[in-house]
Amino acid sequence: MDIDTSPLRRLDDDLWVVDRPLGILGIQVGARMTVIRLGNGDVLLHSPIAPDAELCEALAEVGPVRHLIAPNKLHHFYFAAAAAAFPEAVRWAAPGLAEKRRELTFDEELGDLAPAAWSEELDQIRLCGAPHIEEIVFLHRPSRTLIATDLAFNVRESHSLITRLFLRANGVLGRFGPTRMFRSFIRDRTAARESLDRILAWDFDRVVMSHGVVLQSRGRRVLRDAYQWMG
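What counts, and at which threshold
Residues numbered from 1 in each chain as written. Predicted model: local features only at pLDDT ≥ 70, side-chain atom pairs only at ≥ 80, totals over all residues. Heavy atoms only, no water. Helix = DSSP H or I, 4+ residues; strand = E, 2+ residues; numbered from the N terminus. Rg over C-alpha atoms; globule rule 2.2 N^0.38 Å. Buried < 20%, exposed > 50% of the residue type's maximum accessible area, 1.4 Å probe, protein only. Areas by Shrake-Rupley, 256 points an atom, 1.4 Å probe, with all protein chains shown as cover. Lys, Arg positive; Asp, Glu negative; His and termini not counted. Charge placed at Lys NZ, Arg CZ, Asp CG, Glu CD. Phe/Tyr/Trp six-rings, centres within 6.5 Å; stacked < 30°, edge-to-face > 60°. Lys NZ or Arg CZ within 6 Å of the ring centre and 35° of its normal. Axes fitted to C-alpha atoms, helices over the stretch in contact; angles between N-to-C directions. Parallel < 35°, antiparallel > 145°, perpendicular 65-115°, else oblique. Left-handed = near helix turned anticlockwise from the far one by under 90°. Contact = heavy atoms within 4.5 Å. Nonpolar A, V, L, I, M, F, W, Y, C, P; charged D, E, K, R; others polar. Pairing = 2+ DSSP bridges. Salt bridge = Lys/Arg side-chain N within 4 Å of Asp/Glu carboxyl O. Polar contact = N/O pair within 3.5 Å; in protein donor to acceptor, adjacent residues only side chain to side chain. Core = buried A, V, L, I, M, F, W, Y, C linked by side-chain atoms within 4.5 Å.

Draft legend 1. Region of interest: the overall build of the chain. Within the chain, the regular secondary structure consists of 7 helices and 13 strands. Since a compact globule built from 231 residues should have a radius of gyration of about 17 Å, the 17 Å found for the chain is in line with a globular shape. Along the first, second and third principal axes, the C-alpha atoms of the chain reach 45 × 40 × 35 Å. Expressed as a percentage of its 231 residues, the buried residues of the chain come to 52%. When the accessible area of the chain is evaluated, it comes to approximately 10900 Å², of which 51% is carbon and sulfur surface. Within the chain, one finds 29 positive and 31 negative side-chain charges whose respective centroids are separated by 10 Å.

This is the structure in structure tokens:
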């Protein structure tokens, strides 16, 4: 039996993820990059991780990397490394990230509407009311997949005590939903609720987030239930 050793994990047609360890102050939350092949063959990297030779080789088999997306103001740790590995790619930043990280170079700012480069396959919405994070949430229409970063965590377990304590304190250990820290970023609940209602109006089943287990089904209902606290 052949064993797939590629760093890319296929979720659906033209949709893959790459998982890597990520520790912040000893807290192991993991990092996930989503890889999307567009209809014209171009490849988009959502929340890029630091690419090594093996990953670059695997991506080359998918297609040319043409777009790098930093989808919120927190997901930029490896952006410079990705930009160096794929110098021909257009570098897209969440609103306000270019001002926050002036040492990084971006070409375009993400907004509330998908640009022509990927509007045939992807929709996007800016989560309003949370100026410290400015998350852009995407829908991959062909696979009915919602692609987010910190909108929700889904870490089921951890061998790290400090990680379990962190997740328990944030109300997400073993459950799908936003952390208490993320909730604290929401300053205008009405604006955030309106954005979330627009997201929930999308037709999606799977949810890919940056931290935790990919939710393969029932995503729309589970996300709705996770945000009932917002009213």
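This is not the end of the story, as more comes after the structure.
Draft legend 2. Examining the packing of aromatic side chains more closely. Applying the stated criterion across every chain yields a total of 4 aromatic pairs. Plain terms: the ring middles of Phe79 and Phe106 are 4.9 Å apart, the flat faces sit at 45 degrees to each other, and that makes the pair tilted. A residue pair is termed long-range when its members are at least 10 positions apart, and Phe79 in helix 2 (residues 79-85) and Phe106 in the loop between helix 3 (97-100) and strand 9 (108-109) qualify at 27 residues. Taken as a pair, Phe79 and Phe106 share a single burial class, namely buried. The lysine or arginine in question, Arg183, covers the ring of Trp229, its NZ or CZ lying 4.4 Å from the ring centre.

Draft legend 3. Representation of the packing of helix 6 (residues 189-200) against helix 7 (residues 219-226). Where helix 6 contacts helix 7, the axes come no closer than 10 Å and their chain directions differ by 165 degrees. Between helix 6 and helix 7, the interaxial angle falls into the category roughly antiparallel. In this structure, helix 6 crosses over helix 7, and the sense of that crossing is left-handed. Across from Leu196, Ile199 and Leu200 in helix 6, the residues of helix 7 making contact are Arg220, Leu223 and Arg224. When the residues that make up the contact of helix 6 with helix 7 are grouped by side-chain class, the tally is 4 nonpolar, no polar and 2 charged.

Draft legend 4. Up close: the sheet that holds strand 8 (residues 90-93). Reading across from one edge, 1-2-5-6-7-8-9 is the order of the 7 strands in this open sheet, with mixed pairing throughout. Looking at which strands have only one partner, the edges of the open sheet turn out to be strand 1 (9-12) and strand 9. Relative to strand 9, strand 8 runs parallel, the two sharing 2 bridges. Across the sheet, residue Ala93 finds its bridge partner in strand 9, namely Glu109.

Draft legend 5. Summary view of the sheet that holds strand 12 (residues 145-147). Spatial ordering of the open sheet is given by 10-11-12-13, a layout of 4 strands whose pairing is mixed. Both outer strands of the open sheet, strand 10 (122-126) and strand 13 (206-208), are each paired with one neighbouring strand and no more. Mean inter-strand twist for the sheet, computed between neighbouring axes without regard to direction, equals 20 degrees. Where strand 10 lies against strand 11 (residues 136-140), 5 bridges are found, and the strand directions are antiparallel.

Draft legend 6. How the structure looks around the side chain of Glu121. Tracing the backbone shows Glu121 in the loop between strand 9 and strand 10. Summary of buried charges: Glu121 has no salt-bridge partner, and the nearest side chain of opposite charge, Arg141, is 6.5 Å away. A polar side-chain atom of Glu121 sits 2.7 Å from the main-chain amide nitrogen of Gly39. For Glu121, the contacting residues outside a window of four places in its chain are Leu38, Gly39, Leu139, His140, Arg141 and Pro142.

Draft legend 7. Broad picture of the nonpolar core. Counting 32 residues, the largest nonpolar core has Leu8, Val35, Leu45, Leu59, Val65 and Leu68 as the members making the most contacts within it. Broken down by secondary-structure element, the contributors of at least two residues to this core are strand 2 (15-20), strand 5 (31-37), strand 6 (43-46), helix 1 (53-62), strand 7 (65-70) and helix 2. For this core, the element with the highest residue contribution is helix 1, accounting for 4 residues. Each residue touching Val35, except ones within four places of it in the same chain, is listed here: Leu8, Asp14, Leu15, Trp16, Val18, Val43, Leu44, Leu45 and Leu59. Of all hydrophobic cores here, the second largest spans 28 residues; its members include Phe182, Ile186, Trp202 and Val222.

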